[in-house]
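Listed below, chain by chain, are the residues.
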Amino acid sequence: MEAPAPPSHATALPAEGRCSYFVEKKKRFCRMVAAAGRRFCGEHAGAAEEENARKRILCPLDPKHTVYEDQLAKHLKKCNSREKPKPDFFIQDINAGSKHEMEIPEQLVPFSSLSEEQLENLIKKLRKASEGLNSPLKDHIMSHPALYDALNDPKNGDCAVKHLKQQASILGNIEKLKLLGPRRCFVEFGAGKGKLSHWVDIALKDAENVHFILVEKVTTRFKVDGKHRRKNSAFERLQIDIQHLCLNRIPVLREGRLPVVGIGKHLCGVATDLALRCLVETYAANFEERTEEPLAKRVKDDKTEEESNALSKEVSEEDTPETRTPVAGIVIALCCHHRCDWRHYVGREYFKALGLGAEDFYYFQRMSSWATCGMRRTSLEASDTTAERKDDQNYDSEEHDERGDRPADGSTDSVPGVLTAEEKENIGHLCKLLIDQGRLEYLQQKGFSPALKYYTDPSVSLENVLLTAVPAHLSPQEAAP
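Here the residue numbers are simple positions, counted from 1 along each chain's written sequence. Only residues with pLDDT of at least 70 get local features here, since the model is predicted, and only at 80 or more are side-chain atom pairs given and counted; chain-wide, interface and lining totals rely on the full set of residues. With hydrogens and water stripped out, all remaining heavy atoms of the structure feed into the side-chain values.

The protein is annotated in an unreviewed UniProt entry as tRNA:m(4)X modification enzyme TRM13 from Microtus ochrogaster. UniProt positions are given in the numbering used here, feature names are shortened, and annotations may be inferred rather than shown by experiment. According to the UniProt record, the Function (unreviewed entry) comment for the protein is "tRNA methylase which 2'-O-methylates cytidine(4) in tRNA(Pro) and tRNA(Gly)(GCC), and adenosine(4) in tRNA(His)."

In this section: the pairing of strand β9 (residues 260-268). Summary of the burial criterion: residues with accessible area below 20% of their type's maximum are buried, those above 50% are exposed, and those between are partly exposed, where the area comes from a 1.4 Å probe applied to protein chains only. The way it works is that DSSP assigns letters per residue, a run of H or I at least four long becomes a helix, a run of E at least two long becomes a strand, and they are numbered from the N terminus. Extensive coverage of β9 is indicated by the burial of nine of its nine residues. Paired strands are those between which DSSP finds at least two bridges. Strand direction decides the pairing type here: strand β6 (residues 184-189) and β9, joined by four bridges, are parallel. Across the sheet, the residue bridging to C185 is V260, located in β9. As defined by bridge partners, β9 adjoins strand β10 (residues 327-335) across seven bridges and the pair is classed as parallel. Following the sheet pairing, L267 is matched in β10 by L334.

Definition used for salt bridges: Asp or Glu carboxyl oxygen within 4 Å of a side-chain nitrogen of Lys or Arg. Under the criterion given, the structure shown has 11 salt bridges. Residue E83 pairs with K86 through a salt bridge whose shortest N-O separation is 3.3 Å. Note on E83: relative accessible area 70%, which makes it exposed. Accessibility expressed as a relative area gives 45% for K86, which makes it partly exposed. Measuring nitrogen to oxygen at the nearest pair gives 3.1 Å for the salt bridge that ties E463 to K432. Of this pair, E463 sits in the loop between β11 (448-454) and β12 (465-471) while K432 sits in helix α14 (residues 421-445); the two residues are 31 residues apart in sequence, bridging distant segments of the chain. The pair formed by E463 and K432 is uniform in burial state, with each residue classed as buried. When salt bridges with common partners are traced through the structure, they connect D273, D436 and R439 into a single cluster.

Turning our eyes to something else, we now look at the UniProt feature "domain: CHHC U11-48K-type" (unreviewed entry) in the protein. Under the local residue numbering, the UniProt record ascribes the feature "domain: CHHC U11-48K-type" (unreviewed entry) to residues 56-83. Helix makes up 25% of residues 56-83 and strand 21%, and the two end C-alpha atoms of the span are 22 Å apart.

Structural data, given as structure tokens:
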């Protein structure tokens, strides 16, 4: 156990009213508040002689912290790790996809154990399935005046500038699609600190009736939520897994008729599929059910005929094709295809039409990490990246390619036989493109005009593909590659 007192070389003293326990691993005193008359906080009280009579045990809800054994019952009622009541917008697995879809077979050969022949057959199958998809995506590297000052701020390090360039380009693409305007609800999936919504809010300036819903399944430190002061916009943060999110039960969407714009910056693999299903299936279907009543019946109510006519005219003026569309658009920067999951994947029908199934999907998703694993990065570049992370560690932690696009289990997916770094990278890009093509086909089937485009330079982010979609009847985009 770590010593309760600092080593002889330590000269600093604990802050007044703080715990006197020296944490050797962090080379500093514990910063927790100590009770009046005590030297140690509750967590380190066992280090003090006067506390030896009371035993501390691991919390059964979260073994990362301890509690006095004689106060366990009281602690369990208020522990932050206790199960909390589910909110109204929580519906178990509502966006999860079919439960009847075949899971990855348990007897599947691990990727690293594939023979050269098996790998060669997989690559042949991949190339055949992706024929015609390998044409270069169009560059849509854009910017937006809302971020000009931040981009030119000399206080920002290289890592911060990279994030700002991506946010500026995403914002520019949102504006180009005519999605940046009043009377909208922006839903940011995988919001993290909420910086993308923050810049959208700044770009909208005095636009009226704008709402933001920030969806994130984990608690996030250093959020920028407190910087939003405009009276014309409202921010709501939801801590929930997208898999269980029912947008129709959120009051601002249930009671209002605001079109939704789904946005996201580097939304990891499966989260992208869950977000797409949340928007175009769960929300859009229920939206149509709520708006089936004729407009005249909705506005008439108990008003006089004259009032009804005036209100009907007013609503008709605002009830443009765009506002009648439940989902006005989708703009998501894609990421981490190796984290996709067959059950949740929205492009299953596309794969099946190509003669592919769950097993093929599993291997393709694993190989997709080859596109951005940074195999050719020199040790000098790697050390530079590490230094950047240290300099900018308080700026943002939402980037994924900075630490390499590795499989979820931490393996490196070693390859049988000999493949050059360039060959592996090309195969990885084909896997990503095939997975994304399934998403495009899904969106087209749901009445959208989708597209893939490069929204930033690879030197800024290796995950530089943006998925956009707008309703096909409103503003057709370029034909998807």
